[in-house]
Amino acid sequence: MTVLFFDEISRKLFEELPQSNVASSKVMLNIDSFDIGQSYVTAKIENRFGDKIEMNIQGGTGGIELQETLFNIPRLEKLHFAYLLTTIKDNGCLLLRKLPILGIRDWLLVYDDTLFLLAVKDAYDELEILVV
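In this report, the structure presented in the accompanying data block is examined.

Definitions and limits used
Residues numbered from 1 in each chain as written. Predicted model: local features only at pLDDT ≥ 70, side-chain atom pairs only at ≥ 80, totals over all residues. Heavy atoms only, no water. Salt bridge = Lys/Arg side-chain N within 4 Å of Asp/Glu carboxyl O. Helix = DSSP H or I, 4+ residues; strand = E, 2+ residues; numbered from the N terminus. Buried < 20%, exposed > 50% of the residue type's maximum accessible area, 1.4 Å probe, protein only. Phe/Tyr/Trp six-rings, centres within 6.5 Å; stacked < 30°, edge-to-face > 60°. Lys NZ or Arg CZ within 6 Å of the ring centre and 35° of its normal. Pairing = 2+ DSSP bridges. Contact = heavy atoms within 4.5 Å. Axes fitted to C-alpha atoms, helices over the stretch in contact; angles between N-to-C directions.

Here the focus is the pattern of salt bridges. Two side chains with opposite charge may pair up if their charged atoms get near one another. Taken as a whole, this structure holds seven salt bridges when the rule is applied. Ionic pairing is found between Lys-98 and Glu-16, a salt bridge with its closest N-O pair at 2.8 Å. Taken together, the residues span a long stretch of sequence, with Lys-98 in strand 7 (residues 94-105) and Glu-16 in helix 1 (residues 8-16) at a distance of 82 residues. Taking the relative accessible area as the measure of exposure, Lys-98 reaches 30% and is therefore partly exposed. Of the charged contacts, one joins Lys-89 and Asp-122 as a salt bridge, the two residues approaching to 3.4 Å between their closest N and O atoms. Here Lys-89, found in the loop between strand 6 (81-87) and strand 7, pairs with Asp-122, found in the loop between helix 2 (113-120) and strand 9 (126-131); they are 33 residues apart in sequence, far enough to count as distant.

Okay, here's the thing in structure tokens:
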């Protein structure tokens, strides 16, 4: 099976992507729609308890602040990176990003220019996050 990649960054990260069993936590987010703000997009997502929480994506140098009820991560565990994967609706290309984990928030906060711009265009509706 041939994988089509969104860009060269995605191709390189695909080679280093850890297997799911290595990850501390893995979630798949289904995004109904994005609400566009001035310099960010938001979406409502459901956590593992069935509660609606806020996800915010904005441009930036790259990073992610995890939302505690989305992930099953022991508090004492040292987290380093999150791999974010999505498939672009129009062409089926795989977009992959590796973002440093900046901390824990009340909402999921993603800083990445490409994910932000594609969200504005409603180019994806699922986002898989693999925390290592």
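On to the packing of aromatic side chains, then. In total, this model carries two aromatic pairs according to the counting rule given. Residues Phe-5 and Phe-14 carry aromatic rings whose centres are separated by 5.3 Å and whose planes lie at 65 degrees to one another, so their mutual orientation is edge-to-face. Centre to centre, the rings of Phe-34 and Tyr-124 are 5.4 Å apart; their planes meet at 70 degrees, and the pair counts as edge-to-face. Placement of Phe-34 in the loop between strand 1 (25-30) and strand 2 (35-36) and of Tyr-124 in the loop between helix 2 and strand 9 is noted, with a sequence separation of 90 residues between them. Residue placement shows Lys-98 over the ring face of Phe-81; its charged tip is 4.3 Å from the ring centre.

Take the sheet that holds strand 1 next. On the basis of which strands lie adjacent, the open sheet formed by nine strands has the order 1-9-6-7-5-8-4-3-2 and mixed pairing. In this open sheet, the two edge strands, each paired with only one partner strand, are strand 1 and strand 2. As paired strands, strand 5 (residues 63-67) and strand 7 are joined by four bridges and run parallel to one another. For Gln-67, the partnering residue across the bridge sits in strand 7 and is Arg-105. The sheet strands contacting helix 1 are strand 6 and strand 7, and the helix crosses strand 7 at an angle near 70 degrees.

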